[in-house]
Structure formats: structure tokens, C-alpha cells
Amino acid sequence: KQLGVVDQHQRLLGRLLEILAEEGWLQRTDEQWEVTSVPEIQDPQAQINTLLAQYPTAEAELTLLERCGPKLAQVLKGEYDPLQLIFPEGDLTSTTKLYQDSPGARAMNTLVQQTIASALERMPQGRVVRILEIGAGTGGTTSYILPHLPVDQVEYTFTDVSPLFITQAQEKFRDYPFLRYQLLDIEQTPESQGFGSFQYDIIIAANILHATRNLRQIVQHVRQLLV
């Protein structure tokens, strides 16, 4: 409260302090934090440039770090909208690179694509397979999957809680006629949003379920959708 951190971010601040403790900069003593090692403060822009020269494939991560880091205090105090840092004026460029082109994203998305392909091989021939993607966002994972799907055997439903992502996806994936688009907030019951129970053979949720308030309830909602 003395630092002006808003209620909604106080748990986050606590976790940030724990991370500093894990790295040896702080230690917890009763109800207080003690500085155990003082870091050498360097020019942030110079550090970003050095890291970018060493790790050019991490451009997306470093771009977001450069944009978000200087505003962290303002975000914690509720003085700055964090969504404007991640999606400035609705621009998805940086986050698309992060979830589609960064080394970690490429590895995980390729693994998802291979898993889907393996699952499709075991499906009965001639049957239309229904795939639902929850929290599809920028379509980073989607873009790895779609080119490998049999056009006449798949119905793919792209969902997100944000109309912005739906609109962007309709433009990005306009060459895939088997794609459907629908808003879905997985924290609410799917039935109340027009989704029938036990309809989908495969459900994809990349980097999304952990961001919900009640994971047990969310998993129940997902299971209600699965055949």
C-alpha cells in the first residue's frame, strides 16, 4: 500500500519479490524483505541491444521486454493499461511473432501439429473430425496446424474471448473454408454460449487454461465439450 500498488496486482508483486529472492537479491525475514545483494544497474537499452546481437531469434521476447519493463511500476500502480503494452493500439505484430516465430513457440507448435496429425491417422476413414481451439489468440498455433489438415474431413472452430482476435483470424486464415469462428469464454459454461455438449473430437488450448480463475472448473467445461 505504501508503494501504491493496486489490490489486483499485490499478489503479482509478492511473486516478483519471491523471484528476486530465488535469484539471491532479497531474503524474507518475518514480515519484511531484506536486500542481500545490490545489482549493478546498467543502461537498459544497451543491455537490450547486446542481447539482441547475441540472440537475434529472441527478437519478439526482447521487444516486449523493452516495451513493458519501463512501465512495470505504472502498471502495478494501476496508472497504465498493460494491454496497451502488449497490443499497442490493437497491433498484434509483436505477440504474433512471440507465439508463432520465437524458438520456444516453433518447438511447441510443431509438437502440437505432429500430435494432431497422429490423432487424425487413428480416426475412422470418411468421418468428419471436429476440432475446437480455445483461446486461439493471434493464431500462432493455428497457423502450424491448418496446412496439414485434410480439407474435406475437418471442421475447425477458432475461438477466443476477444472479438479483435476473431476479426484478425478471419483475415489471416481466409484461405481455409473449413474454419469457423466464434466467441468463447471458457470460464463460463459453453452451453450458455451456443456450444453443444460432447461435440468435439480434439480440443486445443495453447497457453491459455492456466490464466483462468478456477482451473478445476475450466477442465470440467472442456470435458463437457469433448466427444
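We now turn to the structure provided with this report. For clarity, every value in this text was computed on a predicted model and none was experimentally measured.

### Considerations on the pattern of salt bridges
- Per the stated rule, a full pass over the model turns up 8 salt bridges.
- Across the pair E31 and R28 runs a salt bridge whose closest N-O atoms are separated by 3.8 Å.
- Accessibility expressed as a relative area gives 70% for E31, which makes it exposed.
- A relative accessible area of 48% means that R28 is categorised as partly exposed.
- A salt bridge links E155 to R130; its shortest N-O distance comes to 3.4 Å. A residue pair is termed long-range when its members are at least 10 positions apart, and E155 in strand β4 (residues 154-160) and R130 in strand β3 (residues 129-133) qualify at 25 residues.
- A single salt-bridge network, built from bridges that share partners, covers R15, E18 and E22.

### Notes on the sheet that holds strand β6 (residues 202-204)
- Reading across the sheet, the 4 strands line up as β5-β4-β3-β6 and stay open at both edges, with parallel pairing between neighbours. The open sheet has two edge strands, β5 (179-183) and β6, and neither has a second partner. The average angle at which neighbouring strand axes cross in this sheet is 20 degrees, direction not considered.
- Here β3 runs beside β6; their pairing, made up of 3 bridges, is parallel. Bridging across to β6, L132 finds its partner in I203.

### Looking at helix α3 (residues 59-68)
- All of the buried residues along α3 are A60, L62 and L64.
- Against the buried residues of α3 lie α2 (44-54), α5 (82-86) and α6 (93-100).

Rules behind the numbers
Residues numbered from 1 in each chain as written. Predicted model: local features only at pLDDT ≥ 70, side-chain atom pairs only at ≥ 80, totals over all residues. Heavy atoms only, no water. Salt bridge = Lys/Arg side-chain N within 4 Å of Asp/Glu carboxyl O. Buried < 20%, exposed > 50% of the residue type's maximum accessible area, 1.4 Å probe, protein only. Helix = DSSP H or I, 4+ residues; strand = E, 2+ residues; numbered from the N terminus. Pairing = 2+ DSSP bridges. Axes fitted to C-alpha atoms, helices over the stretch in contact; angles between N-to-C directions. Contact = heavy atoms within 4.5 Å.

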